[in-house]
Amino acid sequence: MENLSLKQTVPRAEVGEVEGILFTKPICSMWNQVWKFKARPDDLLIATYAKAGTTWTQEIVDMIQQNGDVEKCRHATTYRRHPFLEWSMQEYSAVSYSGLELAEAMPSPRTIKTHLPVQLVPPCFWEQNCKIIYMARNAKDNLVSSYHFHRMNKALPDPGTWEEFMEKFMTGKVLWGSWYDHVKGWWKAKDKHRILYLFYEDMKENPKQEIQKILKFLEKDMKSEVLNCLLHNTSFEMMKENPMANYTTEFQGIMDHSVSPFMRKGVVGDWKNYFTVAQNKKFNGDYKKKMADTSLVFHMEL
Ligand code: PPS
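The shown structure was predicted, so the numbers you read here are calculated from the model rather than taken from an experiment.

1. Topic: the site of the ligand
Phase 1: By nearness alone, 22 residues border the ligand, and Thr54, Thr55, Ser145, Tyr200 and Lys265 come closest of all.
Phase 2: A distance of 3.0 Å separates an oxygen atom of the ligand from a polar atom in the backbone of Gly53.
Phase 3: Protein chains bury 98% of the 650 Å² of accessible surface belonging to the ligand in isolation.
Phase 4: Where the shell around the ligand is concerned, the elements lending two or more residues are helix H2 (54-65), helix H7 (139-152) and helix H13 (236-241).
Phase 5: Broken down by element, the residue count for the shell around the ligand peaks at three residues, all from H2.

Written out as structure tokens, the structure reads:
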């Protein structure tokens with residue numbers, strides 16, 4: 001397959017809306033097809049709010065599915081191994097492989113990535129009773145990570161200043177919509193569907209324990225030495241150096257890792273380096289209101 005890179009300088013993505021949720025224009029144009037996506041019963045969906053630890057979860061899942069075979073996991077980039085359901089760059093790249101195209105061409109069993117809020121997940125996933133792993137990350141670190149990703153990724157709109165981006169995040173005027181609605185929506189859905197709801201902070205604190213939850217959910221067993229190998233290969237340090245997982249192999253001209261690397265810091269609590277005391281106060285007040293109607297609790301530090 002050809003490389004997903006651009007030959008010329010790319011303009012920043014424009015945005016549109018689907019059901020009141022902000023998406024890039026190419027996603028909006030493809031929306032009808034995304035909504036009609038034909039899920040298969042053995043599809044596994046990895047769902048996250050963008051920058052919550054998707055790639056990490058994907059690597060862990062792939063390592064499990066490949067029974068810890070590192071070479072097999074390195075046969076292709078994350079983007080190729082796990083189609084990104086709603087993603088499309090048709091207006092940006094002469095060669096565009098949308099998530100839909102990659103997914104449709106893929107033999108079963110497929111693992112598919114999405115950032116969709118729960119209400120926009122194509123109905124077929126529910127009809128087929130597909131298993132879903134949802135990974136959530138605390139709002140402050142998620143915001144910081146997203147801000148840096150917008151800076152380095154031209155397929156996304158310009159984030160503006162840190163202050164401006166924080167405001168957009170708080171009002172939900174960001175791609176894939178409100179973080180608050182996203183994590184709460186999926187939290188509710190887990191009581192009705194086959195959803196394993198995980199937290200980035202738990203995964204950082206006790207990866208072995210969290211990976212065991214995934215193993216159980218996927219009905220897989222793993223010998224202790226294979227699990228240790230998985231833990232090693234899915235660490236931030238290893239993934240940062242892995243060209244099949246760190247997004248340096250594709251999207252050249254779109255992602256500029258010299259502005260901010262995709263594998264940036266991989267920690268809990270980096271928000272403290274960005275939030276001023278005043279911003280933190282304002283954010284906390286707003287957070288309390290928006291999260292008053294949920295039992296969800298996040299750890300902002302370890
Ligand atoms: S995307 O573009 O939405 O798919 O991005 P996503 O993969 O969800 O999030 C990227 C952030 O996850 C961090 N990351 C990791 N953290 C810990 N351990 C591992 N192995 C790992 N792999 C990726 C990555 O560094 C981004 O977070 P920040 O805070 O920006 O470093």
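2. Things to note about the pattern of salt bridges
Phase 1: The tally for this structure, following the rule as stated, stands at 15 salt bridges.
Phase 2: A salt bridge links Lys173 to Glu17, with the nearest nitrogen and oxygen atoms 3.9 Å apart. With Lys173 in the loop between helix H8 (162-171) and helix H9 (179-189) and Glu17 in strand E1 (residues 15-18), the pair connects residues that are 156 residues apart, well separated along the chain.
Phase 3: A relative accessible area of 48% places Glu17 in the partly exposed class.
Phase 4: Across the salt bridge formed by Lys272 and Glu301, the nearest N and O atoms sit 2.6 Å from each other. Here Lys272 is found in the loop between H13 and helix H14 (277-290), whereas its partner Glu301 is found in the segment after H14, with 29 residues between them in sequence.
Phase 5: One connected set of salt bridges, linked through shared partners, spans Glu59, Asp62 and Arg81.

3. Notes on the side chain of Ser178
Phase 1: Residue placement: Ser178 occurs in the loop between H8 and H9.
Phase 2: Relative accessible area serves as the criterion here: at 14%, Ser178 is assigned to the buried category.

4. Observations concerning the sheet that holds strand E3 (residues 44-48)
Each strand in a sheet pairs with another by means of backbone hydrogen bonds, the pair being arranged parallel or else antiparallel.
Phase 1: What the four strands build is an open sheet, ordered E4-E3-E5-E6; its pairing is parallel. In the strand order of this sheet, the two ends are held by strand E4 (111-114) and strand E6 (195-199), each with one partner. Averaged over all neighbouring strand pairs, the angle between strand axes comes to 20 degrees, with direction disregarded.
Phase 2: The pairing of strand E5 (residues 131-136) with E6 spans five bridges and is classified as parallel. For Ala136, the partnering residue across the bridge sits in E6 and is Phe199.
Phase 3: Helix-sheet contacts for H9 involve E3, E5 and E6, and the interaxial angle to E6 is about 140 degrees.
Phase 4: The sheet strands contacting helix H11 (residues 207-217) are E3, E5 and E6, and the helix crosses E6 at an angle near 170 degrees.

5. Some words on the nonpolar core
One recurring pattern in soluble globular proteins: nonpolar side chains tend to sit buried together.
Phase 1: Trp179, Tyr197, Ile214, Phe283 and Phe298 are the most contacted members of the largest nonpolar core, which totals 98 residues.
Phase 2: Look past the residues within four positions of Phe298 in its chain and what remains in contact with it is Ala136, Arg137, Asn138, Trp179, Val183, Tyr197, Phe199, Glu201, Tyr287 and Met291.

6. Considerations on the packing of aromatic side chains
Phase 1: A full pass over the atoms with the stated rule returns 33 aromatic pairs.
Phase 2: Aromatic pair Phe169 and Tyr180: ring centres 6.0 Å apart, planes at 65 degrees, arrangement edge-to-face. In this pair, Phe169 sits in helix H8 while Tyr180 sits in helix H9, placing the two residues eleven residues apart along the sequence.
Phase 3: Note on Phe169: relative accessible area 1%, which makes it buried.
Phase 4: We classify Tyr180 as buried; its relative accessible area is 1%.
Phase 5: Lying over the aromatic face of Tyr200, Arg137 brings its terminal NZ or CZ to 3.9 Å of the ring centre.
Phase 6: One residue, Lys190, lies across the ring of Trp187, its end atom 3.9 Å from the ring centre.

Thresholds, definitions, all that
Residues numbered from 1 in each chain as written. Predicted model: local features only at pLDDT ≥ 70, side-chain atom pairs only at ≥ 80, totals over all residues. Heavy atoms only, no water. Near = heavy atom within 4 Å. Polar contact = N/O pair within 3.5 Å; in protein donor to acceptor, adjacent residues only side chain to side chain. Areas by Shrake-Rupley, 256 points an atom, 1.4 Å probe, with all protein chains shown as cover. Helix = DSSP H or I, 4+ residues; strand = E, 2+ residues; numbered from the N terminus. Salt bridge = Lys/Arg side-chain N within 4 Å of Asp/Glu carboxyl O. Buried < 20%, exposed > 50% of the residue type's maximum accessible area, 1.4 Å probe, protein only. Pairing = 2+ DSSP bridges. Axes fitted to C-alpha atoms, helices over the stretch in contact; angles between N-to-C directions. Contact = heavy atoms within 4.5 Å. Core = buried A, V, L, I, M, F, W, Y, C linked by side-chain atoms within 4.5 Å. Phe/Tyr/Trp six-rings, centres within 6.5 Å; stacked < 30°, edge-to-face > 60°. Lys NZ or Arg CZ within 6 Å of the ring centre and 35° of its normal.

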